[in-house]
Amino acid sequence: MKRTSIINHILLAGALTVSLSACTESLDQFPHTETTSKEVYNTTENYRAVLGKIYTSMTTTGQGKGGDNADLSSNEGQDYMRDLFNLQEDGTDEVASTWLSGDKTGDLTYLSWDANDPWVADMYYRIYYNIALCNEFLRHCSPETVAAATGTDQDNLRHYRAEARFMRALFYYHALDLFRYIPFVTENDPVGSFTPPRYEPQQTFDYIESELKDCVTDLYPASECPYGRASQGAAYTLLARLYLNAEVYTGKQKYTECIQACNNAIDQGYTLHSDYAQLFNADNDKRTDEIIFALPVDAKHTVTWGTTTYIICGELGNTSADLNPADYGVTKAWGMFRSRGELTSKFADGDNRFMFFTKGQSQYLEKIDDQTQGYFPIKWTNMTDDGQQASNTADGGVNTDFPLFRLADVYLMYAEAVVRGGQGGSLNQALDYVNALRRRAFGNNSGNIKVNELTTDFLLDERARELYLECQRRTDLIRFGAFTTSKYLWQWKGGTKEGMAVDNKYNIYPIPTTDLTANPNLYNENY
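Residues numbered from 1 in each chain as written. Predicted model: local features only at pLDDT ≥ 70, side-chain atom pairs only at ≥ 80, totals over all residues. Heavy atoms only, no water.

A.B. asks: Let's hear about the overall build of the protein: which residues, and what values?
C.D. replies: Of regular secondary structure, the protein possesses 20 helices and 10 strands. Here the C-alpha radius of gyration of the protein, 22 Å, is about what a compact globule of 527 residues would show, namely 24 Å. Every one of the 527 residues in the protein was classed for burial, and the buried ones make up 64%. The contacts in the protein between residues at least 6 apart in sequence include a share of 69% that link residues at least 24 apart. Accessible surface, the protein: about 18,400 Å² in total, of which carbon and sulfur atoms supply 46%. In the protein, which carries 47 positive and 70 negative side-chain charges, the distance between the mean positions of the two groups comes to 2 Å. (Helix = DSSP H or I, 4+ residues; strand = E, 2+ residues; numbered from the N terminus. Rg over C-alpha atoms; globule rule 2.2 N^0.38 Å. Buried < 20%, exposed > 50% of the residue type's maximum accessible area, 1.4 Å probe, protein only. Contact = heavy atoms within 4.5 Å. Areas by Shrake-Rupley, 256 points an atom, 1.4 Å probe, with all protein chains shown as cover. Lys, Arg positive; Asp, Glu negative; His and termini not counted. Charge placed at Lys NZ, Arg CZ, Asp CG, Glu CD.)

Structure below.
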């Protein structure tokens, strides 16, 4: 991507051509075809193909295997979820990156980035590329288009339109969470020579909330939704996340609304899966009891070197003689990161969520880039339920999907919203939800807590134990006032071994310099 305004460039490109990845409901990819929008949007099947492109744009970077025939070229050229993982995990108490210089993650790790950071820029570009895909789709799948269709075609287009609106709301949520003061554009804005306005966080919050509340009834209920597509449960879960973090984003608490959104998600009929580890293996597409919304990754049809391939190959060391990558379904370990001692020290004996390789490893970090220091997380694997390696990761990546939303998180959001004073829930119900997670973790009642132990400090740690390496930690630490402050220190926070507080500007990532140059409406207040 040339360094013109990412939004204008993509909007113009989207008006002229569409990159097609014909998709089945499992989001299989097919060769790239360029054609005009008029030719594309002439059958319902083609609408589904473009919708599939919107979904796969979170896991792949182009039309071919592993990102060949790239959609856009940026600093690192990585996929959406690899960018999100690094921005959400690298600077926290969960991840210690190994190749700080080679992978250009040093500034993320030490909370010292600026508006020229390559990973920050790539995440921004990916978000707005995906928003542009949604806008282009919605220009064609308009209310008038839906109304003009008949029978099954009309039903399908109605669902497709709702799903595209949900996905755009998700992308804008990530933009709000990561960047706060952001450019804003929809399908109703001009294509081409249009300079998007800078939205205040409250404006973006209100828009996301309105979109989700408006589109949810046209999404499939959880019991009817095809796997890998957004259901009503996904919309309610995203609303719950938006409300849980509302005070951070807008200064206004929305904990009561969070409880209601959690209840709506739970009412979709989800249940906790009995085996925690199976939520993160190569057969996790079978866990629709708990997984609310997953991003499918397939070593044949949706090959990616990011997303779960990056996590699974990256979490395993490549210098330890004791660690056999094949035990985790990996052909070759990448040695990209380890876990920091502050994370691994949070688990009590008997907690089966403690999934780390410890042999030959020190728990804490004298040097952050030494592979012998820090335990290797082994929570994510490329193994099937029957213990077989699911794919050759050197050739096609992994077969493990990424569960973007799952019921366990909804339970923890409900509990936190109640503890923080939200109305419409109860402490006893919150305690039941938390203890249900702990009974699964311990296999019995030995890990159960009492109501007086259900505090915000406990919940911050419990979220780490339950959700580590699921791209949530930075957001959680900010909500608890612990990301940039001295309230909670971890080794190498701020670039010192003992850890230190940093400027609170690092609670927000900066708009990249290249887009500031292209769009005079944009500016960073503290960078």
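Let us keep going from here.
A.B. asks: I'd like a rundown of the environment of T513, residues and numbers included.
C.D. replies: Turning to its location among the elements, T513 is positioned in helix α20 (residues 513-518). Separated by 123 residues in the primary sequence, T513 and A390 place their C-alpha atoms 42 Å from one another. What T513 contacts, discounting residues up to four positions off in sequence, is A115 and N116.

A.B. asks: Describe the packing of helix α4 (residues 80-89) against helix α13 (residues 307-314), listing the residues and the values that go with them.
C.D. replies: Contact pair α4 / α13: the axes reach a minimum separation of 7 Å and the direction vectors enclose 50°. When the axes of α4 and α13 are compared, the pair comes out oblique. Between α4, through M81, R82, F85 and N86, and α13, the contact on the second element is made entirely by T307, Y310 and I311. Tallied by class, the residues present in the contact of α4 with α13 amount to four nonpolar, two polar and one charged. (Axes fitted to C-alpha atoms, helices over the stretch in contact; angles between N-to-C directions. Parallel < 35°, antiparallel > 145°, perpendicular 65-115°, else oblique. Nonpolar A, V, L, I, M, F, W, Y, C, P; charged D, E, K, R; others polar.)

A.B. asks: Lay out the pattern of salt bridges in plain terms, naming residues and giving numbers.
C.D. replies: The final tally for this structure, using the stated rule, is 40 salt bridges. For K286, the salt bridge is made with D283, and the minimal N-O distance between the two is 3.8 Å. Judged by its relative accessible area of 52%, K286 is exposed. Taking the shortest distance from any N to any O, the salt bridge between R463 and D476 comes out at 2.8 Å. (Salt bridge = Lys/Arg side-chain N within 4 Å of Asp/Glu carboxyl O.)

A.B. asks: So what's going on with the nonpolar core? Which residues, and what values?
C.D. replies: With 152 residues, the main nonpolar core has I127, F137, F166, M167 and F293 as its most contacted residues. Element by element, the count of residues in this core is highest for helix α8 (residues 151-179), at 15 residues. If we ignore the near neighbours within four places in the chain, the residues touching F166 are L212, C215, L219, A230, A234, A235, L238, F293 and F405. Membership of the second largest hydrophobic core comes to five residues, among which are A96, L365, I368 and W492. (Core = buried A, V, L, I, M, F, W, Y, C linked by side-chain atoms within 4.5 Å.)

A.B. asks: Would you mind going over the packing of aromatic side chains in detail, with residue names and values included?
C.D. replies: Tallied over the entire structure, the rule returns 37 aromatic pairs. Aromatic pair F85 and Y310: ring centres 5.7 Å apart, planes at 85°, arrangement edge-to-face. Taken together, the positions of F85 in helix α4 and Y310 in helix α13 put the pair 225 residues apart, joining distant regions of the chain. Classification of F85 as buried rests on a relative accessible area of 1%. Judged by centre distance (6.1 Å) and plane angle (75°), the ring pair of Y173 and Y249 falls under edge-to-face. (Phe/Tyr/Trp six-rings, centres within 6.5 Å; stacked < 30°, edge-to-face > 60°.)

A.B. asks: Can you lay out the side chain of Q373 for me, pointing to particular residues and giving the numbers?
C.D. replies: Inspection of the secondary structure assignment puts Q373 in the loop between β8 (356-357) and β9 (376-377). Assessed through its relative accessible area of 11%, Q373 is described here as buried. Looking at Q373, its side chain comes within polar contact range of the main-chain nitrogen of K367, at 2.7 Å. Those residues in contact with Q373, other than ones at most four positions away along the chain, are R338, Q361, S362, Y364, L365, E366 and K367. (Polar contact = N/O pair within 3.5 Å; in protein donor to acceptor, adjacent residues only side chain to side chain.)

A.B. asks: Go over the pairing of strand β10 (residues 402-406) with me, naming the residues and quoting the values.
C.D. replies: A large share of β10 lies buried, amounting to five of its five residues. Examined bridge by bridge, strand β6 (residues 291-295) and β10 share four bridges and lie antiparallel to one another. Bridging from a neighbouring strand, I291 pairs with R406 of β10. (Pairing = 2+ DSSP bridges.)

A.B. asks: Explain α4 to me, using residue names and the numbers behind them.
C.D. replies: Of all 10 residues that make up α4, 10 are buried, and the element is covered over most of its length. All of the buried residues along α4 are Y80, M81, R82, D83, L84, F85, N86, L87, Q88 and E89. With a side-chain oxygen positioned 3.1 Å from the backbone nitrogen of M81, the residue opening α4 is D79.

Interpretation in functional terms is not warranted from these geometric data alone.
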